[in-house]
Amino acid sequence: MERWLALELVSTIRHDGDGGVADDLATTHGTTRWVRAQADHLTGVAAGEITVDEDLRTEIIELRRAVRALFARAVSPAPPSSADARRLMPADQALAHLNAVAAREEVVPQLAWPGQGAPEVRLVSPEGDPGNRLMAALARAAIEFLSGPQREQLRACTAPRCVRYFVKSHGRQEWCKPSCGNRARAARHYRRRRLAGHDDLGAS
């Protein structure tokens, strides 16, 4: 299953299983763990060596807020994630913030072509601050996602209590994962039974 770094970032806000919302970036320890888990997606960033302090955690959260606002714009006119509905950053502010963060690292594409392998592009940068490299890489990932074909398939999951965005992988997909589909169907069934009960009472 394909994974996108931008989607991984916005998915650090998720349903906690008890009717509330969990935030994987709520602490510096949790944020460090999340960054290191993304090492395969963070090309050119020594993610395994990064220890997140409070300033860097705050910057990542603000970038996530901007990306979630742009995700909400991408799924419009459908409603955004319920986690964003009341506190969305204005889209123009989110766009400016994303571009400013991406500009914190100047990169030059270089073509590498191993003798027996396929050519690949590497980004070469003189930037020495690992925090700046991380932030710029996260911002570039969001720019690539939002400018790519997967944006057209981006959806906000409408299952009860879910706050995730997901990329629709087939025509009839309505939810981010099967458990959300089960929960949504159960909620619909419950609503239908309640409405039927009201109709029976009104007829008596």
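Structural data are supplied above this passage.
These notes cover the structure that comes with them.

Calculation notes
- Residues numbered from 1 in each chain as written.
- Predicted model: local features only at pLDDT ≥ 70, side-chain atom pairs only at ≥ 80, totals over all residues.
- Heavy atoms only, no water.
- Phe/Tyr/Trp six-rings, centres within 6.5 Å; stacked < 30°, edge-to-face > 60°.
- Helix = DSSP H or I, 4+ residues; strand = E, 2+ residues; numbered from the N terminus.
- Buried < 20%, exposed > 50% of the residue type's maximum accessible area, 1.4 Å probe, protein only.
- 1 Å grid on protein atoms, 1.4 Å probe; cavity = no way out; pocket = protein on both sides within 12 Å on 5 of 7 lines; lining within 4 Å.
- Points joined across faces, edges and corners; volume = space filled by probe spheres on them.
- Nonpolar A, V, L, I, M, F, W, Y, C, P; charged D, E, K, R; others polar.

### Observations concerning the packing of aromatic side chains
Here comes step 1: Overall, the coordinates contain three aromatic pairs when judged by the stated rule.
Here comes step 2: Judged by centre distance (5.9 Å) and plane angle (80°), the rings of W4 and F145 are edge-to-face. One end of the pair, W4, is in the segment before α1 (5-10); the other, F145, is in helix α5 (residues 130-146), with 141 residues separating them in the sequence.
Here comes step 3: For F145, a relative accessible area of 2% translates into the label buried.
Here comes step 4: Ring geometry for F71 against F145: centres 5.1 Å apart, planes inclined by 25°, an arrangement best described as stacked. With F71 in helix α3 (residues 54-75) and F145 in helix α5, the pair connects residues that are 74 residues apart, well separated along the chain. As far as burial versus exposure is concerned, F71 and F145 are alike and both buried.
Here comes step 5: Pairwise contacts between aromatic rings join W4, F71, F145 and Y165 into one cluster.

### Describing empty space enclosed by the protein
Here comes step 1: Tallied over the entire structure, the rule returns one cavity of 30 Å³ or more.
Here comes step 2: Estimates place the volume of the largest cavity at around 40 Å³.
Here comes step 3: In terms of lining, the largest cavity is formed by T43, G44, V45, E105, V107, L123, S125, R133, A137 and R140.
Here comes step 4: With three residues, the top contributor of residues to the lining of the largest cavity is α5.
Here comes step 5: Class assignment of the residues belonging to the lining of the largest cavity gives a composition of four nonpolar, three polar and three charged.

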